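Structural characterization, general
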Amino acid sequence: MSFEQKAQDSLLLQIANGQKSAVAECVDRYGGLVWSLAQRLTPTRSDAEDAVQEVFISLWKSASRFDPGKASEPTFVAMVARRRLIDFQRRHKKFSVERDVPQQVDREPEAARPSPSDALATCEEAAQAAQLLRELPEDQSQAIRMSVYDGLSHSQIAESMGLPLGTVKTHIRRGLGKLRDRLSTITESGGAR
Amino acid sequence: MSEQPISQERRDDLLIQQAVCGLNANEKREMQELNRQFAESEPSFELAVAALDLAYASDQASQLPDPLRHIILDEADQFFSSIPTQGTEVPPRPVLPAKPTEDVAPRRNRRETWWMLATAASLLLAFVAWYSSIPSPPPSLSQKLDQLIATPGTVEAIWKAQDDPAAANASGKVVWNDQQQRGFMIFNGMEVNDPNVQQYQLWIFDTARNDELPVDGGVFDITSSGEVIVPIDAKLSIEKAKLFAVTVERPGGVVRSDRERLPLLADDLVDTGA
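A brief look at the structure comes next.

Definitions and limits used
Residues numbered from 1 in each chain as written. Chains lettered and ligands numbered in written order. Predicted model: local features only at pLDDT ≥ 70, side-chain atom pairs only at ≥ 80, totals over all residues. Heavy atoms only, no water. Pairing = 2+ DSSP bridges. Helix = DSSP H or I, 4+ residues; strand = E, 2+ residues; numbered from the N terminus. Salt bridge = Lys/Arg side-chain N within 4 Å of Asp/Glu carboxyl O. Buried < 20%, exposed > 50% of the residue type's maximum accessible area, 1.4 Å probe, protein only. Axes fitted to C-alpha atoms, helices over the stretch in contact; angles between N-to-C directions. Left-handed = near helix turned anticlockwise from the far one by under 90°. Contact = heavy atoms within 4.5 Å. Nonpolar A, V, L, I, M, F, W, Y, C, P; charged D, E, K, R; others polar. Core = buried A, V, L, I, M, F, W, Y, C linked by side-chain atoms within 4.5 Å. Buried area = accessible area lost by both parts, 1.4 Å probe. Polar contact = N/O pair within 3.5 Å; in protein donor to acceptor, adjacent residues only side chain to side chain. Arc of directions from axis to C-beta. Parallel < 35°, antiparallel > 145°, perpendicular 65-115°, else oblique.

Re the pairing of strand 1 (residues 154-158) of chain B
Residues and elements named next belong to chain B.
- Strand direction decides the pairing type here: strand 1 and strand 3 (residues 171-177), joined by five bridges, are antiparallel. When the sheet's bridge partners are listed, Val155 is paired in strand 3 with Trp176.
- Across two bridges, strand 1 lies against strand 10 (residues 270-271) in antiparallel orientation. By the bridge assignment for strand 10, Glu156 is matched with Val270.

Observations concerning the pattern of salt bridges
- Under the criterion given, the structure shown has 21 salt bridges over all chains.
- Measuring nitrogen to oxygen at the nearest pair gives 3.3 Å for the salt bridge that ties Arg29 of chain A to Glu25 of chain A. Residue Arg29 of chain A and its partner Glu25 of chain A are located together in helix 3 (residues 21-41), separated by four residues, close to a single helical turn.
- A salt bridge links Glu212 of chain B to Arg256 of chain B, with the shortest nitrogen-to-oxygen separation between them at 3.9 Å. In this pair, Glu212 of chain B is assigned in the loop between strand 5 (199-206) and strand 6 (215-220) and Arg256 of chain B in the loop between strand 8 (241-249) and strand 9 (264-266), connecting sequence segments 44 residues apart.
- According to the relative accessible area criterion, Arg256 of chain B is exposed, its value standing at 55%.
- Where salt bridges share partners, they join Arg40 and Arg82 of chain A together with Asp53 of chain B into one cluster.

Some details on unusual backbone geometry
Residues and elements named next belong to chain B.
- The phi dihedral of Gln181 is positive, around 55°, even though this residue is not glycine.
- By secondary structure assignment, the location of Gln181 is in the loop between strand 3 and strand 4 (182-188).
- Of note in the backbone geometry, Arg259 takes a positive phi value of approximately 55° without being a glycine.
- Within the secondary structure layout, Arg259 lies in the loop between strand 8 and strand 9.
- The exposure class assigned to Arg259 is partly exposed, which follows from its relative accessible area of 34%.

Observations concerning the packing of helix 3 of chain A against helix 5 (residues 73-92) of chain A
Residue and element names in this part refer to chain A.
- Here helix 3 crosses helix 5 at 35°, and the two axes come no closer than 10 Å. Judged by the twist between their axes, the crossing of helix 3 over helix 5 is right-handed. Here Arg29, Tyr30, Leu33, Val34, Leu37, Ala38, Arg40 and Leu41 of helix 3 come into contact with helix 5, specifically with Glu73, Pro74, Val77, Ala78, Ala81, Arg82, Leu85 and Gln89.
- Its residues placed into classes, the contact of helix 3 with helix 5 shows eleven nonpolar, one polar and four charged.

A look at the nonpolar core
- By size, the foremost hydrophobic cluster in this structure holds 78 residues, and its most contacted members are Val52 and Trp60 of chain A together with Leu52 of chain B.
- With near-sequence residues (within four places) excluded, Leu52 of chain B lies in contact with Ala129, Leu133, Ile144, Val148, Tyr149, Leu176 and Leu179 of chain A.
- In this structure, Met190, Val215, Val230 and Ala241 of chain B belong to the second largest nonpolar core, which totals 27 residues.

A word on the interface of chain B and chain A
- The interface of chain B with chain A comprises 50 residues on the first partner and 66 residues on the second.
- Together chain B and chain A conceal approximately 5500 Å² of surface at their shared face, both sides included; 63% is due to carbon and sulfur atoms.
- Ranking the residues of chain B by area buried against chain A places Leu52, Leu54 and Gln63 of chain B at the top, with a combined share of 13%.
- For Glu46 of chain B, the salt bridge identified is with Arg83 of chain A, shortest N-O distance 2.7 Å.
- Across the contact surface, chain B and chain A share twelve residue pairs in polar contact (both at pLDDT 80 or more).
- Contributing elements (two or more residues each) for the side of chain B that touches chain A: helix 1 (3-20), helix 3 (46-60) and helix 4 (66-82) of chain B.
- Of all the elements, helix 3 of chain B adds the most residues to the side of chain B that touches chain A, at 14 residues.

Looking at helix 9 (residues 154-161) of chain A
Residue and element names in this part refer to chain A.
- Every buried residue belonging to helix 9 is among His154, Ile157 and Ala158, and all of these are buried. Looking straight down helix 9, one finds that the buried residues subtend no more than 100° of arc, so they occupy a single side. More than 90 degrees from the buried face of helix 9, the exposed residues found are Glu159 and Ser160.
- Two residues or fewer after helix 9 comes Gly162, characterised by a positive phi angle close to 70°.

Observations regarding the environment of Gln32 of chain B
Residue and element names in this part refer to chain B.
- Tracing the sequence through the fold places Gln32 in helix 2 (residues 25-37).
- With relative accessibility at 48%, the residue Gln32 sits in the partly exposed group.
- On a C-alpha basis, the gap between Gln32 and Arg11 in space is 9.5 Å, while along the polypeptide they are 21 residues apart.

Some words on the sheet that holds strand 9 of chain B
All names here are of chain B.
- The strand order across the open sheet built from five strands is 2-9-8-5-6, with neighbouring strands paired in antiparallel fashion. Where the open sheet ends on each side, the last strands, each with one partner, are strand 2 (160-161) and strand 6.
- Bridge analysis of strand 2 against strand 9 gives two bridges, and the strand direction is antiparallel. Following the sheet pairing, Ala161 is matched in strand 9 by Leu264.

Description of the packing of helix 3 of chain A against helix 4 of chain B
- Between helix 3 of chain A and helix 4 of chain B, the shortest axis-to-axis distance is 11 Å and the interhelical angle comes to 130°. Comparing their axes, helix 4 of chain B and helix 3 of chain A come out oblique. Between helix 3 of chain A and helix 4 of chain B lies a crossing of right-handed hand. Seen from helix 3 of chain A, the contacting residues are Val23, Ala24, Val27, Asp28 and Trp35 of chain A; seen from helix 4 of chain B, they are Leu68, Arg69, Ile72, Leu73, Ala76 and Phe80 of chain B.

Right, dumping it as structure tokens:
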């Protein structure tokens, strides 16, 4: 897909250009992604609801900063969302310890809205990340999942996996380093979509 | 140097931590120190972490709960509708022609003079007709404020700065009219806020309501340390206002404030004497 096409298809750039009709589509396309992140990174459902609202306000404000040449739109949304969620956690001094939200996320009865996973599944960066997690040695993959998905500290991961702290850090550093290198190749070749 | 690889690993660890869960103040300082040791800046891990988040979300088929979706869409409406209301300035009206200077030319005959006068009169009439057909520009915020102050039943109160850095040099007043359900806040020297980090929110205490549940008077930004006029946007009807409070909240505001930061209060409401 050409740069011009990506820019034209971008909901965030449409919003930045004042097309309010793109707002609902943006919420439907990325709401699941943001909700999934918020549930993982905040301790309570109430916090997750507050945090999701903050993320979207932040997205409206930063819509014009989206650059299709640097990352795909879903990746940009995920970056903004995690940044905002980190801010939220730090402001509320609550880090992922215990949650009152089920890990099995809400399933909405209405089927009219597009499945966000459809939009995200076509994202090259997501596919590369999933592929890499499958390729990495089990310990590396596990350490990354526990850090990024479960929000555990390196010490907690070391304790849980029965590994020295230094080894856990090395696993995460190497695994994320490989992914970063792979993604930079996609971005340089203009393949992010 | 043998410390170089260790420093590089430490920098990578900090970059990863920054992307995954953020850094505290000490870690930020350490990162800055490490960055100074290397000639080249290291790319962030944010993209890699975001890609992992996407991979996870695409497996989950997670959907935003419907009530939350509606709240987000409502907030988006409020957000986008608030953008064009910032800083309404009165466009300049067309400049009237300067007063004609005294005719110093030699006297012309009567007929020539009469034709000249008739032409000038018709031109003037045409101009007046054109000028009066131009729609008046909307009044500025300060004009609206003056109109409200001159309206019977309007009350005002001076802001009292509380123990908060945002109000260290702040002054101004709040003007409100219960009958019209309209009002304005005037600020001078209030701390300019970064709307990405925090916003100000007004709360109106009504004699007819519980003090625990003041009415949301709207979220706003202070964009200048000079005079700023902000219209009040009461979300519910106010029977008789008795106190106004400004709090510092997260971007977009809150439904109920914890009042952790409360820079300004105004409670001695007096009639403007209109």
